[in-house]
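In case you want the letters, here they are:
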Amino acid sequence: MAALSPSPLSPEVQIVVADLLNFMEGSEHSDVALPVAAMKVMLNVIKRSKAITMTGLLSELEAAKTGMLGLAASKDICGFRSHIPLQSGCELFMRYVTRSFYEMSSDFELCIKEVLLRGETFAGMSLTARQSIAEHGCEFVREGQVILTHGYSRVVASLLKMAAEKQKKNFSVIVLEGRPEGGGARAAAVYAEANIPVTVVLDSAMGYAMEKADLVIVGAEGVVENGGVVNKIGTYALGITAKALNTPFYVAAESYKFARLYPLNQADLPRVETGELRFADTTTPEVEEIDMKKDLITVDNCVIDYTPAKYITLLFTDLGVLTPSAISDELIRLYA
Amino acid sequence: MSTEEEKEAEKARKKAEKAKRAAEFAAKNPNGFSKPKEKLSKAERRAKQEAQRAAKEDKKIPGKKAPTNADDCFADGSNSSSQETSNMTSNNTSNNNANMARLSSSPQTLALPPPILNNSNSNRKQNTPPRKSSTASNLPYSQPPSTVDAQSLFSHLSPPIKPVVTKTLSPPPQTSKSIHPSTVTLCNSYSRFSITGSNSRCIAMLECFKKIIGDYEPPKDKVMSMDLTRVLKENFKVITESRVHSISMGNAFTFLKNLVTKIKHNEETSAAKENLLFAIDQFIEKTVQFASDVIAKEGSTKVKNGDVILTYGCSTSVKKLFAKALEQGKDFRVIVVDGRPELEGKEMLGYLQELGIHVTYVGFNSLSYVMKEVSLVLYGAAALLSNGSVVCRVGANGVTLVAGAYRKPVLVCCETYKFSKKVQIDAITHNELTPQPEEFKSEPNSDWVGVKYDVVGEGVAGIVTEFGIVPTTSVAVILREME
């Protein structure tokens with residue numbers, strides 16, 4: 001996997017990495033998503049580039065991408081998330097550049113000018129994409145409903161806030177606490193701020209809480225080729241529970257998260273380097289004393305899982321509301 | 001120019017001939033093409049209708065002659081019956097006649113179906129009532145349907161081809177001058193099942209067409225593109241008569257026809273032929289062979305260390321996939337499942353043994369036994385239909401279902417040239433019947449039914465194509481993109 005060697009980075013890649021960290025400064029609290037920050041870094045690479053052919057430029061962008069992924073693997077800048085959106089964002093950007101090149105009838109100079117011009121739109125892409133998704137998705141939230149969600153997703157939050165504030169709908173939210181990073185608590189604060197009543201429950205209460213819920217909305221780290229999603233651990237179980245209880249299961253994801261992955265099962269996911277799973281904050285303090293480093297004990301801190309397409313009812317994207325089978329269509333159109 | 005004048009003269013001559021013939025015809029037939037209609041009475045019309053219906057029913061029973069009048073439809077096959085049965089049937093016929101008289105006089109009575117005849121000549125089970133009797137059509141209910149035996153279920157398919165075991169190459173009966181000797185060789189290979197598998201058959205057919213094109217010389221007064229198309233079509237027809245063509249062959253032939261129609265009028269023959277041969281070579285190299293190399297590369301990413309891969313039968317792309325995974329240094333083993341009577345899995349077994357991959361060979365019945373240790377199921381396809389159904393060797397559907405029951409992912413390897421716009425939801429509407437194996441002895445009350453293809457509607461996780469791995473729902477999209 002992406003366990004890159006700690007060899008000294010080339011000066012160009014060092015600039016790239018510094019750039020990314022710069023853009024990512026406080027991104028968890030800001031509205032800039034990681035892939036969008038990566039795309040901005042790529043734009044800077046193009047600005048600085050001295051390449052005169054498309055092949056040369058693409059190899060520079062490829063090197064930048066590898067550098068950023070290396071950073072994501074070694075340092076935990078993704079939070080407890082995977083690097084899939086970073087990778088898909090970079091690949092989509094490179095694909096976009098290649099396509100512009102062909103559209104401009106293979107005129108390199110013209111292509112670069114066009115890309116840089118349009119580059120400004122990328123800056124606001126996070127916000128515009130989320131806005132568009134919120135507009136599509138808030139129609140599915142109706143008066144008096146109970147919405148179940150998982151952890152803290154900025155896309156889902158903007159969707160629910162739009163339904164509450166702009167459309168003046170009255171509904172309530174149940175949020176799973178989202179261990180190990182506890183995003184649920186943060187989400188609860190955000191919803192309360194928007195005057196939406198919210199209940200926080202344990203992750204393991206998803207079966208219990210599902211019968212009260214009218215629908216489930218979650219975000220995504222990545223949307224894969226067969227229409228499934230890769231998201232925070234627990235999403236798969238949530239999908240299965242929703243299907244068992246005939247509850248609609250919606251996923252809200254921006255189109256730059258469409259990844260060229262085709263997982264067949266959980267084991268087929270790219271392995272993400274994660275931090276240690278600690279058993280702090282339990283109601284029985286003796287648990288903290290237990291030595292988890294014994295020989296036969298393995299603590300597996302898996303942070304992402306794969307939810308197959310059959311558990312997903314619809315996907316809210318900035319391209320519109322899509323069925324899972326339409327994702328493959330979009331990807332084929334983009335990459336074929 | 002002289003050729004134009006000649007053409008004009010030709011046209012005028014033909015027109016004159018046509019007028020002459022029309023006049024002759026008009027003289028002979030004052031009514032034109034339509035015959036004067038006979039005026040029949042209602043009873044006569046009825047009788048005629050029944051006779052036609054009886055004849056149609058009887059035609060469906062194999063080896064039976066059509067009865068000459070309506071009465072005979074009760075006496076099934078009694079035209080060629082033995083001594084005992086003829087007495088019995090004649091008795092029964094008289095009974096039946098009496099029945100018929102009763103029936104026609106009182107149509108409201110709930111009459112029982114006529115007595116079942118014990119006829120040893122037709123291959124039917126004892127309890128099968130005779131087919132719908134047409135003279136009892138004034139009954140207020142319809143006859144119970146005859147048991148749907150396997151033969152009638154597949155009766156719409158052409159009968160199975162018996163592999164011809166002759167030492168000499170026999171040309172097909174009506175040979176015209178345009179049938180090339182290599183076509184004859186190909187037909188023999190197909191009908192003897194010495195070439196099997198959609199890729200091999202397609203390549204063999206294209207090689208044959210290359211020879212035809214190579215030896216082809218356009219006649220002076222004909223346009224090359226149209227005449228060559230005619231020659232190719234005739235050869236293709238003969239090939240399909242030896243064995244029904246596969247979808248891969250059909251698509252390849254369509255590709256070839258499109259190429260031929262694009263030959264310009266003024267193009268030089270040898271140059272046109274060169275271009276055609278080159279295009280065919282490119283097709284074989286890229287669309288067929290290179291595609292399966294890309295599929296091997298894409299699919300090998302799904303093979304992980306410690307995996308146990310199950311495969312069914314034998315497929316070119318799957319073989320290449322295993323070789324590629326081995327090349328990448330992955331540690332895995334293979335279980336080959338085989339199906340009778342063709343036992344195509346033996347070829348896969350031999351290939352894997354040569355590569356040095358650990359292989360387990362099991363029969364179809366052991367499927368549920370081995371499935372629990374499997375991590376991935378892979379097999380090849382004959383075709384992919386636009387509703388996402390996979391056409392593959394018979395037995396693959398069973399493998400897919402068992403894999404689904406054990407929650408194992410199933411991947412199908414299929415080159416895009418095998419994609420078809422057809423839609424099929426079951427394996428009965430279009431299929432190929434297999435001939436009876438030698439060890440099966442024909443008995444009066446038993447039938448052999450074997451089919452070549454299966455249609456897998458669901459349960460497939462993904463299709464490995466040269467465009468990457470795609471879900472089955474995306475076949476229609478790819479077909480659209482390919483145009």
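It should be emphasised that the depicted structure is a prediction, and the values quoted were computed from it without experimental measurement.

Details of the packing of helix 6 (residues 198-215) of chain B against helix 8 (residues 247-261) of chain B
All names here are of chain B.
Consideration 1: Orientation of helix 6 relative to helix 8, taken along the N-to-C sense of each, is 30 degrees, at an axis distance of 8 Å. Here helix 8 runs roughly parallel to helix 6, going by the angle between their axes. As for the relative orientation of helix 6 and helix 8, their crossing is right-handed in sense. Of helix 8, the residues touching helix 6 (which contributes Ser198, Arg201, Cys202, Met205, Leu206, Phe209 and Ile213) are Ser248, Met249, Ala252, Phe253 and Leu256.
Consideration 2: Of the residues assigned to the contact of helix 6 with helix 8, the class counts are nine nonpolar, two polar and one charged.

So, the pairing of strand 10 (residues 462-465) of chain B
Residues and elements named next belong to chain B.
Consideration 1: With burial as the criterion, each face of strand 10 is covered, one bearing Gly462 and Val464 and the other bearing Ile463 and Thr465.
Consideration 2: Relative to strand 10, strand 7 (residues 410-413) is paired through three bridges, and the arrangement is parallel. Bridged to Val412 within strand 10 is Ile463.
Consideration 3: Direction of pairing for strand 10 relative to strand 11 (residues 468-470): antiparallel, over a ladder of three bridges.

Digging into the packing of aromatic side chains
Residue and element names in this part refer to chain B.
Consideration 1: By the definition in use, this model includes eleven aromatic pairs over all chains.
Consideration 2: Ring centres of Phe283 and Tyr417 lie 6.0 Å apart, and the angle between their planes is 80 degrees; on these two criteria the pair is classed as edge-to-face. On the criterion of sequence distance, the pair formed by Phe283 in helix 9 (residues 269-300) and Tyr417 in the loop between strand 7 and strand 8 (419-420) is long-range, its members being 134 residues apart.
Consideration 3: For Phe283, a relative accessible area of 8% corresponds to the buried category.
Consideration 4: With a centroid separation of 6.1 Å and 75 degrees between ring planes, the pair formed by Tyr312 and Phe364 is classed as edge-to-face. Here Tyr312, found in strand 1 (residues 307-312), pairs with Phe364, found in the loop between strand 3 (359-363) and helix 12 (367-370); they are 52 residues apart in sequence, far enough to count as distant.
Consideration 5: Its end group placed over the ring of Tyr351, Lys319 keeps NZ or CZ at 5.2 Å from the ring centre.

Comments concerning the interface of chain A and chain B
Consideration 1: The partner chain B presents 17 residues to the 15 residues of chain A that form the contact.
Consideration 2: Counting each side, the surface lost to burial between chain A and chain B is near 1,200 Å², with a carbon and sulfur contribution of 56%.
Consideration 3: Of all residues in chain A, A:Tyr262, A:Leu264 and A:Ile332 bury the most surface against chain B, accounting for 47% of the area lost on that side.
Consideration 4: Note that A:Asp268 is salt-bridged to B:Lys304, the shortest N-O span being 2.9 Å.

Re the domain arrangement of chain A
How big an interface is tends to be stated in terms of the accessible area lost upon association of its parts.
Residue and element names in this part refer to chain A.
Consideration 1: Partitioning chain A into domains gives domain 1 (2-127) and domain 2 (128-274 + 301-335).
Consideration 2: Counting the contacts that link domain 1 with domain 2 gives zero salt bridges.
Consideration 3: Summed over the shared surface of domain 1 and domain 2, the number is one residue pair in polar contact (both at pLDDT 80 or more).
Consideration 4: Here the side of domain 1 that touches domain 2 gets eight residues from one element, more than from any other, and that element is helix 4 (residues 84-103).
Consideration 5: Classifying every residue of the side of domain 1 that touches domain 2 by side-chain character gives twelve nonpolar, seven polar and six charged.

Section: the side chain of B:Arg201
Residues and elements named next belong to chain B.
Consideration 1: Secondary-structure assignment places Arg201 in helix 6.
Consideration 2: Despite being buried, Arg201 has no salt bridge partner; Glu432 is the closest side chain of opposite charge, sitting 4.6 Å away.
Consideration 3: At a separation of 2.7 Å, a polar atom in the side chain of Arg201 contacts the main-chain carbonyl oxygen of Val244.
Consideration 4: Aside from chain neighbours lying at most four places away, what touches Arg201 is Tyr190, Ile195, Thr196, Arg243, Val244, His245, Ser246, Met249 and Tyr453.

Side note on the domain arrangement of chain B
Residues and elements named next belong to chain B.
Consideration 1: Annotation of chain B at the domain level lists domain 1 (181-290) and domain 2 (301-482).
Consideration 2: Taking only C-alpha atoms into account, the centre of domain 1 sits 28 Å from that of domain 2.
Consideration 3: At the junction of the two partners, domain 1 supplies 17 residues and domain 2 supplies 18 residues.
Consideration 4: A combined buried area of about 1,300 Å² lies between domain 1 and domain 2, and 49% of that area is made up of carbon and sulfur atoms.
Consideration 5: For the interface between domain 1 and domain 2, the tally reads one salt bridge.
Consideration 6: In this assembly, domain 1 and domain 2 are joined by eight residue pairs in polar contact (both at pLDDT 80 or more).
Consideration 7: Its residues assigned to classes, the side of domain 1 that touches domain 2 shows six nonpolar, nine polar and two charged.

Calculation criteria
- Residues numbered from 1 in each chain as written.
- Chains lettered and ligands numbered in written order.
- Predicted model: local features only at pLDDT ≥ 70, side-chain atom pairs only at ≥ 80, totals over all residues.
- Heavy atoms only, no water.
- Axes fitted to C-alpha atoms, helices over the stretch in contact; angles between N-to-C directions.
- Helix = DSSP H or I, 4+ residues; strand = E, 2+ residues; numbered from the N terminus.
- Parallel < 35°, antiparallel > 145°, perpendicular 65-115°, else oblique.
- Left-handed = near helix turned anticlockwise from the far one by under 90°.
- Contact = heavy atoms within 4.5 Å.
- Nonpolar A, V, L, I, M, F, W, Y, C, P; charged D, E, K, R; others polar.
- Buried < 20%, exposed > 50% of the residue type's maximum accessible area, 1.4 Å probe, protein only.
- Pairing = 2+ DSSP bridges.
- Phe/Tyr/Trp six-rings, centres within 6.5 Å; stacked < 30°, edge-to-face > 60°.
- Lys NZ or Arg CZ within 6 Å of the ring centre and 35° of its normal.
- Buried area = accessible area lost by both parts, 1.4 Å probe.
- Salt bridge = Lys/Arg side-chain N within 4 Å of Asp/Glu carboxyl O.
- Domains from an automatic or database assignment.
- Polar contact = N/O pair within 3.5 Å; in protein donor to acceptor, adjacent residues only side chain to side chain.
- Lys, Arg positive; Asp, Glu negative; His and termini not counted.

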